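In case you want the letters, here they are:
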Amino acid sequence: MTGPSESTGPLWLREEEGRQVAFTAGLGTPPAVYGERVIGRGGRQWRRWDPTRSKLGAAVVKGWDDPLPRVGERWLYLGAATGTTASHVADLVGPSGAVYAVERSLRPFTRLLANAEHYPNLLPILADARTPGRFVGDVPIVDGLYLDIAQPDQLEIALTNAAWFLRDRGALLFAVKTASMGRERSPQHHLQDVVQRLESMFEVRSSLSLEPMHRRHFLVGARRGAPARPRSGALTPRRPVGRPGRRPR
Ligand SMILES: C[S@@+](CC[C@H](N)C(=O)[O-])C[C@H]1O[C@@H](n2cnc3c(N)ncnc32)[C@H](O)[C@@H]1O
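The structure reproduced in this document is the subject of the present report. Counting restarts for each chain: residues are numbered from 1 in the order of the written sequence. Local features in this predicted model are restricted to residues whose pLDDT is 70 or higher, and side-chain atom pairs enter the listing and the counts only when it is 80 or higher, whereas totals over whole chains, interfaces and linings include all residues. To get the side-chain values, all heavy atoms of the structure are used, and hydrogens and water are removed first.

1. Regarding the sheet that holds strand β9 (residues 166–177)
- The pairing criterion for strands is at least two bridges between them, as found by DSSP. By the criteria applied, helices consist of DSSP H or I runs no shorter than four residues and strands consist of E runs no shorter than two, each listed in order from the N terminus. Strand order in the open sheet made by the seven strands is β7-β6-β5-β8-β9-β11-β10, with mixed pairing throughout. The outermost strands of the open sheet, each flanked by one partner alone, are β7 (122–126) and β10 (202–209). Within this sheet the neighbouring strands show an average axis-to-axis angle of 15 degrees, counted without direction.
- Relative to strand β6 (residues 98–103), strand β5 (residues 74–78) runs parallel, the two being bridged by five bridges. In the strand pairing of β6, Y77 is matched with A101.
- Together, β6 and β7 form the strand contacts of helix α3 (residues 106–117), whose direction differs from that of β7 by roughly 155 degrees. The axes are straight lines fitted to the C-alpha atoms, using for helices just the contacting stretch, and the angles between their N-to-C directions are given from 0 to 180°. Only heavy atoms matter for contacts: two residues are in contact if any of them lie within 4.5 Å across the pair.

2. Looking at the sheet that holds strand β2 (residues 19–25)
- Strands sit in the order β1-β2-β4-β3 across an open sheet of four strands; the sheet is antiparallel. Across the chains shown, the open sheet's two edge strands, defined by having one partner strand only, are β1 (11–16) and β3 (38–41). The mean inter-strand angle of the sheet, taken between neighbouring strand axes irrespective of direction, is 35 degrees.
- Sitting on the sheet, helix α2 (residues 84–93) is in contact with β1, β2 and β4 (44–48), with an inclination near 145 degrees to β4.

3. Examining the site of the ligand
- The criterion for a residue being near a molecule or strand is simple. One of its heavy atoms has to lie within 4 Å of it. Contacts to the ligand come from 18 residues, most closely from Y77, T85, E103, D128 and D148.
- Identification of polar contacts relies on pairs of N or O atoms within 3.5 Å, with a donor-acceptor requirement for protein atoms, meaning one able to donate a hydrogen and the other able to accept it, and with residues adjacent in sequence counted only if both atoms are side-chain atoms. The separation between an oxygen atom of the ligand and a polar side-chain atom of T85 is 2.6 Å.
- Contacts to the ligand include D148, whose side-chain N or O atom sits 2.8 Å from a nitrogen atom.
- Bound to the protein, the ligand loses 85% of the 610 Å² it would expose on its own.
- Taken atom by atom, the bulk of the ligand overlaps the largest pocket.
- Each residue belonging to the shell around the ligand can be placed in one class, and the counts come to six nonpolar, five polar and seven charged. The protein chains shown are the only cover counted for residues, whose accessible areas, like all others here, come from Shrake-Rupley with a 1.4 Å probe. The way it works is a 1 Å grid over only the protein atoms, where trapped points that fit a 1.4 Å probe form a cavity and open points with protein on both sides within 12 Å along at least five of seven lines form a pocket, and then any residue with an atom within 4 Å of a point lines it. The rule for placing a molecule in a cavity or pocket is simple: more than half of its atoms must lie within 2 Å of the grid points. Nonpolar residues are Ala, Val, Leu, Ile, Met, Phe, Trp, Tyr, Cys and Pro. Charged residues are Asp, Glu, Lys and Arg, and all others, Gly as well, are polar.

4. Considerations on the pairing of β2
- The rule is simple: take the accessible area with a 1.4 Å probe, protein chains only, and divide by the maximum for that residue type; under 20% is buried, over 50% is exposed, in between is partly exposed. Of all seven residues in β2, five are buried; the element is thus mostly enclosed.
- Two elements, β1 and β2, share six bridges in a ladder whose sense is antiparallel. By the bridge assignment for β2, L11 is matched with T24.
- Between the antiparallel neighbours β1 and β2 lie two residues, among them E17 with a positive phi of about 50 degrees.
- Both β2 and β4 contribute to a ladder of three bridges, which runs antiparallel. Bridged to F23 within β4 is R48.

5. Observations regarding the pattern of salt bridges
- Salt bridges are defined by distance alone: a side-chain nitrogen of Lys or Arg within 4 Å of a carboxyl oxygen of Asp or Glu. Evaluation of the coordinates by the stated rule reveals 13 salt bridges.
- In this structure, the salt-bridge partner of E16 is R14, at a minimum N-O distance of 2.7 Å.
- A relative accessible area of 18% places E16 in the buried class.
- Between E156 and R197 there is a salt bridge, with the nearest N and O atoms lying 2.7 Å from each other.

6. Description of unusual backbone geometry
- P30 follows T29 through a cis peptide bond whose omega is -5 degrees.
- Inspection of the secondary structure assignment puts P30 in the loop between β2 and β3.
- Residue P212 follows E211 across a cis peptide bond; omega there is 0 degrees.
- Relative to the assigned elements, P212 resides in the loop between β10 and β11 (217–224).
- Even without a glycine there, the phi angle at A81 is positive, about 50 degrees.
- Within the secondary structure layout, A81 lies in the loop between β5 and α2.
- Judged by its relative accessible area of 34%, A81 falls in the partly exposed class.
- One non-glycine residue, R216, adopts positive backbone phi at about 55 degrees.

Nothing here speaks to function; it is all geometry.
Spelled out as structure tokens, the structure:
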């Protein structure tokens, strides 16, 4: 069986029984965070990334590769819960990067704190993502923003936090729960609406349905900055959604 070597990056994909399976190189001691399988290869401990427990994990086994957290980057993670996905993001950015993990509810936060005890670059913050002014002192300008908050105003939360914290050309990974946006419209309609509104601040690069692992969920990937103007003609009308800019004072 082939495996990763010392020089491989922190993400390892391989086929098991005809299915794509993802692993990240665990940074924690011990590496397991949520009871996932861990195997040793090439001098590192590889944690299986369970696609049923993580939206980014589901996207990765479906072929998602851009944008992804990269070694050395700083990410702001909103809706960290107990740290299942946030810990894999911490593996991807490696010891020279950091993940600022915001969670509002005390119960998952308590477990997030315990998990972060053995994760050197996972930094928990107890706060409401709707009020970035309350955690601005704890979070620097970041290279990436991950958002997994199943709330009707998830899009506004993404745009507000991007305006405060995300550098120009920084990445957005947005786990969109369409069921939180009302059931009177189809998931596809909700996705279109989200993409169109994100385009006020982002170049949207990709979107992917996370079925069957996460029902009525999509992952949207984007980079901060104006999308390229269409060459030939009129711009598509866009609804203004706040003014992108520097961190408010
Ligand atoms: C779907 S769960 C996140 C799962 C997690 N991202 C993972 O993959 O491991 C959504 C989390 O967002 C949190 N949340 C909801 N609204 C929030 C807010 N306004 N600010 C911060 N966290 C919030 C919830 O408490 C919950 O833990």
